[in-house]
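Structural description and commentary
So you can see what is in the structure, the chains are spelled out below.
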Amino acid sequence: MKLLVTGGAGYIGSVVTSQLLDAGHEVTVLDDLSTGHREAVPEGAEFVQARIHDSRDHVLGRGYEGVLHFAAKSLVGESVSSPELYWENNVAGTFSLLEALREAGVPRIIFSSTAATYGEPEASPITEQTPANPVNAYGASKLAVDHMLSSYSRAHGLAATSLRYFNVGGARGPFGEKHSPETHLIPNLLRVAAGSSDSCRIFGTDYDTTDGTALRDYLHVVDLGRAHLLALDTSEAGTHRIVNLGTGNGFTVRQVLEACRTVTGHPIPAVEEDRRPGDPTSLVASNRRAQELLGWQPELGLEEIVADAWRFMQETGAA
């Protein structure tokens with residue numbers, strides 16, 4: 001297919017772009033480089049530096065057969081302190097993109113959604129029937145886009161799939177995490193092993209889990225990317241599908257820490273601190289719907305996630 005990837009200079013967008021190219025697709029990356037990196041755009045993809053708000057100028061007349069939409073602001077803390085950035089970029093920007101797709105007759109879209117749409121659910125594992133109740137503007141902005149996609153699919157026949165990610169890690173060759181600031185657990189643990197930080201912090205040791213630390217679902221970015229290619233192939237006109245992407249199994253913070261120590265051979269000192277407000281005990285996905293609709297299931301585990309992230313950090317100096 002001839003495809004447009006928004007946010008393809010970012011972490012997940014660059015990985016998926018590389019997988020699309022390897023699968024023989026023709027790919028154009030649209031990214032404003034506000035958080036992405038020009039060098040992260042895989043060789044073989046056309047690159048356009050622009051905001052999604054201006055996507056009409058870059059969609060009409062290009063004959064795209066689908067869009068994979070990753071471009072978004074995604075810092076939870078920032079979304080609380082500056083929600084206007086999230087409504088303007090994630091919601092208004094996506095509306096501009098959808099209008100461009102409608103006018104150009106682009107038939108399908110795969111949307112990068114998030115488990116943050118569920119907020120702080122009481123039950124785990126989380127299914128797609130779990131009520132969406134976001135607790136910050138980031139999750140709310142992604143949920144708003146889900147609602148837009150539902151209405152566009154009904155009214156205009158758009159084939160839409162929202163993939164709600166849980167915790168994503170790992171790398172694919174030269175494509176991996178380079179965030180500033182870095183808020184994710186695994187790269188921050190590896191930064192200690194790389195010598196960029198003296199110690200890591202564990203927030204909360206009194207949760208109702210096997211070792212008292214919070215439980216999360218970690219998915220390898222390569223497995224995540226495969227789900228996007230499967231979603232392209234299985235999308236249906238006039239249908240909006242919401243699909244969780246996770247392993248169905250959780251790891252505690254201490255288990256992730258031990259995996260990082262094992263892979264790197266570094267002690268990675270840890271400082272225990274109080275819980276952060278709003279951190280739930282467990283966030284684990286049910287992936288049954290992904291198996292049924294996409295024919296997808298994860299293949300890589302926690303040690304592969306850590307090993308690939310560590311290799312990427314060492315080879316690129318991302319620490």
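Placed above this text is the structure.
Right, let's walk through the structure included here.

Structural notes on the nonpolar core
Ranked by size, the top nonpolar core spans 34 residues in total, and within it I12, L20, L68, Y165, V221, L224 and L245 carry the most contacts. Contributions of two or more residues to this core are made by β1 (2–6), α1 (11–22), β2 (26–31), β6 (159–165), α7 (221–234), β11 (240–245) and α9 (288–294). With residues near it in sequence (within four places) discarded, L224 still touches I12, Y165, V168, L219 and L245. One finds Y64, I109, M148 and Y152 within the second-largest nonpolar core, a separate group that totals 23 residues.

Let's talk about the layout of surface pockets
Rolling a probe over the atoms, with the probe sized like a water molecule, indicates the empty space that remains. The space that makes up the second largest pocket amounts to roughly 160 Å³. Taken together, 13 residues make up the lining of the second largest pocket; nearest its centre are E177, E182, P187, M313 and A318. Where the lining of the second largest pocket is concerned, the elements lending two or more residues are α6 (185–193) and α10 (302–316). Here the residues of the lining of the second largest pocket are counted per class, giving 7 nonpolar, 2 polar and 4 charged.

Observations concerning the pairing of strand β4 (residues 66–69)
Of the two faces of β4, the one holding G66 and L68 and the one holding V67 and H69 are both buried throughout. As paired elements, β1 and β4 share 4 bridges and run parallel to each other. Across the sheet, L3 pairs through a bridge with G66, a residue of β4. Inspection of the sheet shows β4 paired to strand β5 (residues 108–114) by 3 bridges, in the parallel sense. Looking at β5, one finds that L68 is bridged to I110.

Examining the side chain of H25
Structurally, the position occupied by H25 is in the loop between α1 and β2. A distance of 2.9 Å separates a polar side-chain atom of H25 from the backbone nitrogen of M1. If we skip the residues at most four places from it in the chain, H25 touches M1, L3 and L20.

Here's the deal with the sheet that holds strand β9 (residues 215–216)
Backbone hydrogen bonds hold the strands of a sheet together, and the pairing may be parallel or antiparallel. Judged by pairing direction, the sheet is mixed, and its 3 strands sit side by side in the order β12-β9-β14 without closing on themselves. Looking at the sheet topology across the chains shown, the edges are occupied by β12 (251–252) and β14 (282–283). Taken together, the 2 bridges between β9 and β12 define a ladder with antiparallel strand orientation. Bridged to L215 within β12 is T252.

Quick notes on the rules
- Residues numbered from 1 in each chain as written.
- Predicted model: local features only at pLDDT ≥ 70, side-chain atom pairs only at ≥ 80, totals over all residues.
- Heavy atoms only, no water.
- Core = buried A, V, L, I, M, F, W, Y, C linked by side-chain atoms within 4.5 Å.
- Buried < 20%, exposed > 50% of the residue type's maximum accessible area, 1.4 Å probe, protein only.
- Helix = DSSP H or I, 4+ residues; strand = E, 2+ residues; numbered from the N terminus.
- Contact = heavy atoms within 4.5 Å.
- 1 Å grid on protein atoms, 1.4 Å probe; cavity = no way out; pocket = protein on both sides within 12 Å on 5 of 7 lines; lining within 4 Å.
- Points joined across faces, edges and corners; volume = space filled by probe spheres on them.
- Nonpolar A, V, L, I, M, F, W, Y, C, P; charged D, E, K, R; others polar.
- Pairing = 2+ DSSP bridges.
- Polar contact = N/O pair within 3.5 Å; in protein donor to acceptor, adjacent residues only side chain to side chain.

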